[in-house]
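Residue-level structure breakdown
Below are the chains, spelled out letter by letter.
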Amino acid sequence: MKKQNIIFAALFASLVMPLSMAMAASSPILDEIKKQAGGVEFSAERGKTLFSQKFTGGKPDTPSCTSCHGKSPQNTGKTRAGKAIAPMAVSKSPERYTDAKKVAKWFRRNCRTVLGRECTPTEKGDFLTYMMSQ
Amino acid sequence: MKKAIFTLTGAFVLAGMLSSSFAYADGPDWVPPIRDKLVKAECGACHLTYQPAFLPAKSWKKIMAGLDDHFGEDATLDKDAAQKIEAYLVTNSGRRKWNDSWGKPPIRITKLRWFVKEHRGEISRRAMKKAGTMTNCKACHLAAERGNYDDD
């Protein structure tokens, strides 16, 4: 009986764990953006660069995502008006990137604010892939 | 006698004007808090939900018309939300009707004369460092979100 339980547990773990890990890197929102991007492979590395890079085309007070979100996606950020921003990393804020309307709104606003233009689907995908890996 | 009455009335009128301007110069200790869920969620995503009573209707219209550059950030909303929020802000705006001859309607509460006067010399360097910015009311006025600014 006990042995059986262990076998079941092992079976369960070997089946479900890789599945949930694969799910962590994917989401309906990301799938939709991937379609828009013409199926390119997204890169967490490029997403990291996008997040930390300084831009000159946007509004002067916010040259980078990190201006408000802070250097690490694991940490709490702060708006210019002094309000706390929950960490961007999915591991710290699991409720993030689940509401398509919300995601679209903040990409629109913040890309315009920081880059001075809307982000491309590839940039959005890279960004989300990075945050979902964090 | 008539002269005396005139002088007396004049004095009263003057006193009345002075005291009302003083009352205004003090700024309100309490304003009605925001009760609308949408306004709370959208405006409150980035900053304290500054109560509409702090600015006249004209100011709120100007702020809502300029959300693409909202104090240095893009804060654009979808049309439906923007209309609902503007209606709430205008309906609950400060009672003073804005007269165009007064010039441009203010958009920064922190630049209003009573605000500047009330805060002058009141904030220690340590408190300012903690708040980070004058727009972070809650750093000192703990119940600011509820419209209570009486704790200074």
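Report follows, based on the coordinates. Per chain, the residues get numbers from 1 upward, laid out in the order the sequence is written. Chain labels run from A onward and ligand labels from 1 onward, assigned in the order the entries are written. Two thresholds apply to this predicted model, a pLDDT of at least 70 for residue-level local features and 80 or more for giving and counting side-chain atom pairs, whereas whole-chain, interface and lining totals are computed over all residues. Only hydrogens and water are set aside; all other atoms, that is, all heavy atoms of the structure, feed into the side-chain values.

In terms of regular secondary structure, chain A is built from six helices and two strands. Each helix is a run of H or I in the DSSP string that is no shorter than four residues. Each strand is a run of E no shorter than two, and both are numbered from the N terminus. Secondary structure elements of chain A occur, N-terminal to C-terminal, as α-α-α-α-β-β-α-α. Per-residue burial over chain A gives 37% buried out of 134 residues. Here a residue-residue contact requires only that any non-hydrogen atoms of the pair lie within 4.5 Å. Once local pairs closer than 6 in sequence are excluded, the contacts in chain A between residues at least 24 apart make up 53%. As presented, chain A carries roughly 8,200 Å² of accessible surface, and 62% of it is formed by carbon and sulfur atoms. Here the term buried applies to any residue with accessible area under 20% of the maximum for its type, exposed to any over 50%, and partly exposed to those in between, with areas from a 1.4 Å probe on protein chains only. Per-residue and other accessible areas were derived by the Shrake-Rupley procedure at a 1.4 Å probe size, with only the shown protein chains allowed to occlude residues.

Turning our eyes to something else, we now look at the state of the cysteines. What counts as a disulfide here is a pair of cysteine sulfur atoms lying within 2.5 Å. Per the stated rule, a full pass over the model turns up one disulfide over all chains. Each sulfur in the disulfide pair C111(A) and C119(A) lies 2.0 Å from the other. Its S-S torsion of about -95 degrees marks the bond between C111(A) and C119(A) as left-handed, since a negative value means left-handed. Both residues of the pair, C111(A) and C119(A), count as buried. Here C68(A) is not cross-linked by a disulfide; its sulfur's nearest cysteine counterpart is in C46(B), at 8.3 Å. Given a relative accessible area of 13%, C68(A) falls into the buried group. This cysteine, C137(B), is not joined by any disulfide, and C140(B) carries the nearest cysteine sulfur, 9.2 Å off.

This brings us to the packing of aromatic side chains. Aromatic pairs are defined between Phe, Tyr and Trp rings, using the six-membered ring for Trp, whenever the two ring centres lie within 6.5 Å; interplanar angles under 30 degrees are classed as stacked, those over 60 as edge-to-face, and all others as tilted. Under the definition given, this model contains seven aromatic pairs over all chains. Two conditions define a charge located above a ring, namely a distance within 6 Å from the ring centre to NZ of Lys or CZ of Arg, and an angle within 35 degrees of the ring normal. One residue, R109(A), lies across the ring of W106(A), its end atom 4.7 Å from the ring centre.

We now examine the pattern of salt bridges. Salt bridge, as used here, is a side-chain nitrogen of Lys or Arg placed within 4 Å of a carboxyl oxygen of Asp or Glu. Counted according to the given criterion, the structure contains 12 salt bridges over all chains. Taking the shortest distance from any N to any O, the salt bridge between E32(A) and K35(A) comes out at 3.7 Å. Of this pair, E32(A) and K35(A) are both found in helix α2 (residues 28-36), three residues apart, which corresponds to roughly one turn of the helix. For E32(A), a relative accessible area of 38% puts it in the partly exposed group. K35(A) sits in the exposed class, given a relative accessible area of 65%. Each member of the salt-bridge network shares a partner with another, and the members are D61(A), R80(A) and E73(B).

All right, on to the interface of chain A and chain B then. Tallying the contact residues gives 14 residues for chain A and 20 residues for chain B. Roughly 1,500 Å² is buried in total at the junction of chain A and chain B, and carbon and sulfur atoms are behind 40% of that figure. On inspection of chain A and its partner chain B, the count reaches three salt bridges. Two residues, R112(A) and D74(B), come together in a salt bridge whose shortest N-O distance is 3.2 Å. Accessible area that two parts lose when put together, with a 1.4 Å probe and added across both, is what the buried area reports.

Residues and elements named next belong to chain A. Interhelical geometry of helix α3 (residues 44-52) versus helix α6 (residues 121-133) gives an angle of 100 degrees and a closest axis separation of 7 Å. By the angle between their axes, α3 is roughly perpendicular relative to α6. Side by side, α3 and α6 meet where A44, R46, G47, K48, L50 and F51 of the first sit next to T122, E123, D126, F127, T129, Y130, M131 and S133 of the second. Gly falls in the polar group here, along with every residue not listed as nonpolar (Ala, Val, Leu, Ile, Met, Phe, Trp, Tyr, Cys, Pro) or charged (Asp, Glu, Lys, Arg). Among the residues making up the contact of α3 with α6, the classes are represented as six nonpolar, four polar and four charged. In this analysis, axes come from line fits to C-alpha atoms, helices being fitted only over the stretch in contact, and the angle between any two N-to-C directions falls in the range 0 to 180 degrees. Each angle gets one of four labels, with under 35 degrees taken as roughly parallel, over 145 as roughly antiparallel, 65 to 115 as roughly perpendicular, and the rest as oblique.

Time to look at the packing of helix α3 (residues 57-65) of chain B against helix α4 (residues 79-91) of chain B. Residues and elements named next belong to chain B. α4 packs onto α3 with a crossing angle of 160 degrees between their chain directions and a minimal axis gap of 9 Å. As judged from the angle between their axes, α3 and α4 are roughly antiparallel. Between α3 and α4 lies a crossing whose hand is right-handed. Here A57, W60, K61 and M64 of α3 lie close against α4, whose contacting residues are A82, I85, E86, L89 and V90. Here the contact of α3 with α4 is built from residues that sort into seven nonpolar, no polar and two charged. Should the near helix be turned anticlockwise from the far one by less than a right angle, the crossing is termed left-handed; should it be turned clockwise, right-handed.

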